[in-house]
Amino acid sequence: MKRFIANTAMAAALALTLTACGSEIEAENPGVEDRTGDTMADVLSDIGSVSTVASAFESTGLNGVLEGEANYTVLAPTDDAFGSLGATGETLLADEGYGAIVAAALREHMVPGALTPDAISQAITDNGGPVTMTSFGNSELTFAMDGDIITVTNGAGASANLTGETVVASNGAVLTIDTVLLDVSSLDLSPSTPE
Amino acid sequence: MTYRIGTALVGGVAALALAASPAAFAQGKGNDKGNGNGKSNSAAANKGNGGNGKAKRDQGNGNKGASASKRGNQGQGNARNGRDNIRKIVTGNNGNGNNSVRKIVRGNNGNGNRDSLIRVRSRDGVDIDVGFALPQLRQAFTRDNRIINGCPPGLAKKNNGCLPPGQAKKVYGNYSPGFFGLSGINQGDYFYNGGYLLRYDAGGLGGFLPLLGGALGIGNIWPRSYSAAPLPDYYTSYYGLNDPRGYRYADDVIYRVDPETAAITSVAALLTGNDITIGSPMPRGYDVYNVPYAYRDRYYDSPSARYRYSDGYIYEVDPETALVVSAIDLVV
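**Considering the nonpolar core**
A:Leu66, A:Ile101, B:Phe180 and B:Ile254 are the most contacted members of the largest nonpolar core, which totals 106 residues. A total of 7 residues in this core trace back to one element, the largest contributor, which is helix α7 (residues 99-107) of chain A. Two domains share this core, each providing at least three of its residues, namely domain 1 (7-137 + 279-318) and domain 2 (142-227 + 239-271) of chain B. In contact with A:Ile101, other than residues within four places in its own chain, are A:Leu92, A:Leu187, A:Leu189, B:Tyr175, B:Phe179, B:Phe180 and B:Tyr192. Core analysis: the next-biggest nonpolar cluster, separate from the first, contains 21 residues, A:Ala123, A:Leu141, A:Ala158 and A:Leu175 among them.

What follows is the structure in C-alpha cells.
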C-alpha cells in the first residue's frame, strides 16, 4: 500500500513537472505553443484573434487542406487586420460570390511545411538578409528583420509583421500577422455574381 | 495496383533516410510518354531491365570518396528498344565503404522526359525505388486544353452571364489568372464572374475556367468538361486518396469528390507545383527550414545537409552546391 501511494505521488509529481516545463517544442521554441496533438484546422479555429481568417478557410473549403497529412504554415491575419480592410473587406468576405477571390487571397498566406519565427530569423541571419519562401498563391513571400520584428512581404508589395501567436499543430503551424497581405484597392469587385 | 517495397524486402530501410517506396509511381507512364507499360513492381524493378523506361540498378559499391555524374543518352531511348537513360550521382561518401555511399539513379522514361523513376541507394547499401515523377505530375493536367469553350452553364442560364467583350470590360472585374494561382494558360483578357474566370480574346468570349472557392466550391458538381488527370500513386497514398473516382486534380489543387455524384466534398491539398529535381538546384523559395515536426529529429539542418519540405516530400539539399541530393519518401 505504501508503495502504491509512493508511486502515485511520484507520478503526480512527474505530471506537475511536465506541465510546468511544457513540451519539448515549447522549451526549444520560446513563444511557440505546442498543439501537435491537433490539426491545423482545429488550431486555427481555436485562436480567438484570428476568427475571421478561420471562417474564410471554412467558407472557401480550404480548411480541408488543414485536416490532412500534408504540412502547411498559415500566416493568419488577425481580426483587427481584416477590420482595417474596411468596407471592401467586409463585402469581400460577406458575399459568397467572391469566394474564389477570398480563396486566392488565402493561398497567398500559405507556405509549405512548418515554419517558426525562430527558423525564419535564423534563415535571415544565415543569409545575411531577407529570405524567400514559396507560397501557394501568386508570389513568393519575403521575410526580413525590422529591428527585432520579422516582416513578411508578398510579390505585390503588401507587408505585415509577425507579432502575434505562433502555434504548432500536427500538420503545420499558424503564425499570426498584423496585416492582410492583400491590396483591396486593386480588387475589382463588381459584380460577384452574374447579372 | 500499387506495389511497395516492404520492410522485409529492403532490410534496414526503416533506419534509412528513405522510408517506404511506392515504385508503382511509374504506373501509367506509357499513356503519353511512349514508354510502354510503365507499371512497376518494386521487386522486379530492381532487375532494371529495359523496355519499360525504368532505371537500371546500379551495382556500384565502395566508391570511397568518389563523386561521379554520368548522364545517359537523354532523349534517345524508347520503350521498344528498352534503352534507358540513366543518370547517376554519387554523394556523401564518408569513407565507410558501402554503408556510406548514397546513389541516386534517375531513370529516363525513354523519350527525353526525365525523372520518371528515381532509385536511391541507402546508407546500408540497399537500393530503393522511389516512385517519383514530378514532370509527370506537372503534366497531369494538360495546360494547353484546360480552358473550356463557351459560357459556363451556370452563367449561361442567366441573362448576361457572359456579356459581349465591350460590356464585359465595363461590368466584370478584370483579373490576372496568376491571381488565382493559375499559370501558363493562354493569353487574353480575363474577367471574374460568379466563381469563374472568363477569357475574352479578339473573337469574343474565348472560354472559361472554374475557380477554387467559386465554381469549384464545396457542394458543386465537378464540371465534366474540366478535365482532370489521375495523380501519381505516391500522391494518392500521401494524401489518402484511395478511390480514383473520389478525387480530382487540377491546377495544383486536389479536390475530394463524391464518387457517384462528382460533387466536391472538400479540398484535399494544395501543391506548390514546384519542379524539384534530384541533381538540380533547389528552386527559389525554400530558404527557411520547414520540415514537419514529426520528422525534425531525423532531418535537421547541418553544415553537410539542409532539408526542405514540399508537396509531400522532404528534400535533402547540399548546402555548398544548393543541389537537391535526395527526396525522402514520407509514405510509410
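Next comes the rest of the account.
**Observations concerning the interface of chain A and chain B**
Each side of the interface is counted separately: chain A has 46 residues, and chain B has 48 residues. For the pair chain A and chain B, the number of links is 1 salt bridge. For B:Arg284, the salt bridge identified is with A:Glu140, shortest N-O distance 2.7 Å. In this assembly, chain A and chain B are joined by 13 residue pairs in polar contact (both at pLDDT 80 or more). Looking at the side of chain A that touches chain B, the elements that each hand over two or more residues are α7, β3 (110-112), α8 (117-127) and β4 (131-133) of chain A. With 6 residues, α7(A) is the largest single contributor of residues to the side of chain A that touches chain B. Class assignment of the residues belonging to the side of chain A that touches chain B gives a composition of 26 nonpolar, 15 polar and 5 charged.

**Re the pattern of salt bridges**
The tally for this structure, following the rule as stated, stands at 8 salt bridges over all chains. In the salt-bridge network here, residues are joined through shared partners; they are A:Arg35, A:Asp38 and A:Asp46.

**Let's talk about the packing of helix α4 (residues 51-60) of chain A against α7(A)**
All names here are of chain A. Following both chains from N to C, one finds α4 and α7 inclined at 125°, their axes separated by 10 Å at the closest point. As far as their axial angle goes, α7 and α4 are oblique. Handedness of the crossing formed by α4 with α7: left-handed. Between α4, through Val-53, Ala-56, Phe-57 and Thr-60, and α7, the contact on the second element is made entirely by Gly-99, Val-102, Ala-103 and Leu-106. For the contact of α4 with α7, the per-class residue count stands at 6 nonpolar, 2 polar and no charged.

**Things to note about the sheet that holds strand β13 (residues 306-310) of chain B**
Residue and element names in this part refer to chain B. Read from one edge to the other, the open sheet built from 3 strands follows the order β13-β14-β15, with strand pairing classed as antiparallel. Every interior strand has two partners, whereas the edge strands, β13 and β15 (324-329), have only one. This sheet shows a mean twist of 25° between the axes of neighbouring strands, independent of strand direction. By the bridge criterion, 5 bridges tie strand β14 (residues 313-317) to β15 in an arrangement that is antiparallel. Bridge pairing links Glu-316 to Ser-326 in β15.

**Considering the state of the cysteines**
Residues and elements named next belong to chain B. Taken as a whole and judged by the stated rule, the model has 1 disulfide over all chains. The partner cysteine of Cys-151 in its disulfide is Cys-162, sulfur to sulfur 1.9 Å. Given an S-S torsion of about 85°, the disulfide between Cys-151 and Cys-162 has right-handed geometry. Pair noted here: Cys-151 is in the loop between α4 (134-139) and α5 (153-156) and Cys-162 is in the loop between α5 and α6 (165-171), with a separation of 11 residues, a long-range link. By relative accessible area, which is 23% here, Cys-151 ends up partly exposed.

**Quick word on the sheet that holds strand β10 (residues 247-250) of chain B**
All names here are of chain B. In spatial order, the strands read β10-β11-β12; together these 3 strands make up an open sheet with antiparallel pairing. The sheet terminates laterally at β10 and β12 (264-270), the two strands that pair on one side only. The sheet shows a mean angle of 25° between the axes of neighbouring strands, taken without regard to direction. Judged from the 4 bridges that link them, β10 and strand β11 (residues 253-257) form a sheet pairing that is antiparallel. Each residue of the ladder has a partner; that of Tyr-247, found in β11, is Arg-256.

**Structural notes on α8(A)**
All names here are of chain A. Of all the residues in α8, the buried ones are Ala-119, Ile-120, Ala-123 and Ile-124. All buried residues of α8 project into a common sector of 135° when viewed along the axis, lining one side. Exposed side chains of α8 directed beyond 90 degrees from the buried face belong to Thr-125 and Asp-126. The secondary structure elements touched by the buried residues of α8 are β4, β5 (141-146), β6 (149-153), β7 (159-169) and β8 (172-177). Looking one or two places after α8, you find Gly-128, whose phi comes out positive at around 70°.

**Observations concerning the pairing of β13(B)**
Residues and elements named next belong to chain B. Burial of β13 is extensive: 4 of the 5 residues sit out of reach of the surface. The pairing of β13 with β14 spans 5 bridges and is antiparallel. Counterpart to Tyr-309 in the pairing with β14 is Ile-314. Here β13 folds back onto β14 in antiparallel fashion, the turn holding 2 residues, of which Asp-311 has a positive phi close to 50°.

**Topic: unusual backbone geometry**
Residues and elements named next belong to chain B. The phi dihedral of Asp-251 is positive, around 50°, even though this residue is not glycine. With respect to the helices and strands, Asp-251 occurs in the loop between β10 and β11. Its relative accessible area of 12% is what places Asp-251 among the buried residues. In this structure, Asp-252 takes a positive phi of about 65° despite not being glycine. Within the secondary structure layout, Asp-252 lies in the loop between β10 and β11.

The rules behind the values
In every chain, residue numbers begin from 1 and rise along the written sequence. The lettering of chains begins at A and the numbering of ligands begins at 1, in the order of writing. It should be noted that, the model being predicted, local features are given only for residues of pLDDT at least 70 and side-chain atom pairs only at 80 or more, the latter also being counted only at that level, while totals for whole chains, interfaces and linings use all residues. Side-chain calculation: all heavy atoms of the structure are included, whereas hydrogens and water are not. To qualify as a nonpolar core, a set must consist of buried Ala, Val, Leu, Ile, Met, Phe, Trp, Tyr and Cys residues joined through side-chain atoms within 4.5 Å. Exposure classes here rest on a 1.4 Å probe applied to the protein chains alone. A residue is buried below 20% of its type maximum, exposed above 50%, and partly exposed in between. Here a strand is any run of E in DSSP of at least two residues, a helix any run of H or I of at least four, and the numbering for each starts at the N terminus. In this entry, domain limits derive from an automatic or database-based domain assignment. Contact definition: two residues touch when any of their heavy atoms are within 4.5 Å. Counted as salt bridges are all cases of a side-chain nitrogen of Lys or Arg within 4 Å of a carboxyl oxygen of Asp or Glu. Two N or O atoms count as a polar contact when they lie within 3.5 Å, although within protein this holds only if one can serve as hydrogen donor and the other as acceptor, and sequence-adjacent residues are included solely when both atoms are side-chain atoms. When residues are sorted by character, Ala, Val, Leu, Ile, Met, Phe, Trp, Tyr, Cys and Pro go into the nonpolar class, Asp, Glu, Lys and Arg into the charged class, and all the rest, Gly among them, into the polar class. Comment: axis = line fitted to C-alpha atoms, over the contacting stretch for helices; angle = value between 0 and 180 degrees taken between N-to-C directions. Note that the term roughly parallel is reserved for angles under 35 degrees, roughly antiparallel for angles over 145, roughly perpendicular for angles of 65 to 115, and oblique for everything else. Should the near helix be turned anticlockwise from the far one by less than a right angle, the crossing is termed left-handed; should it be turned clockwise, right-handed. Here, any two strands with at least 2 DSSP bridges between them count as paired. Two cysteine sulfur atoms make up a disulfide if the distance between them is within 2.5 Å. What the arc covers is the set of directions going from the helix axis to the C-beta atoms.

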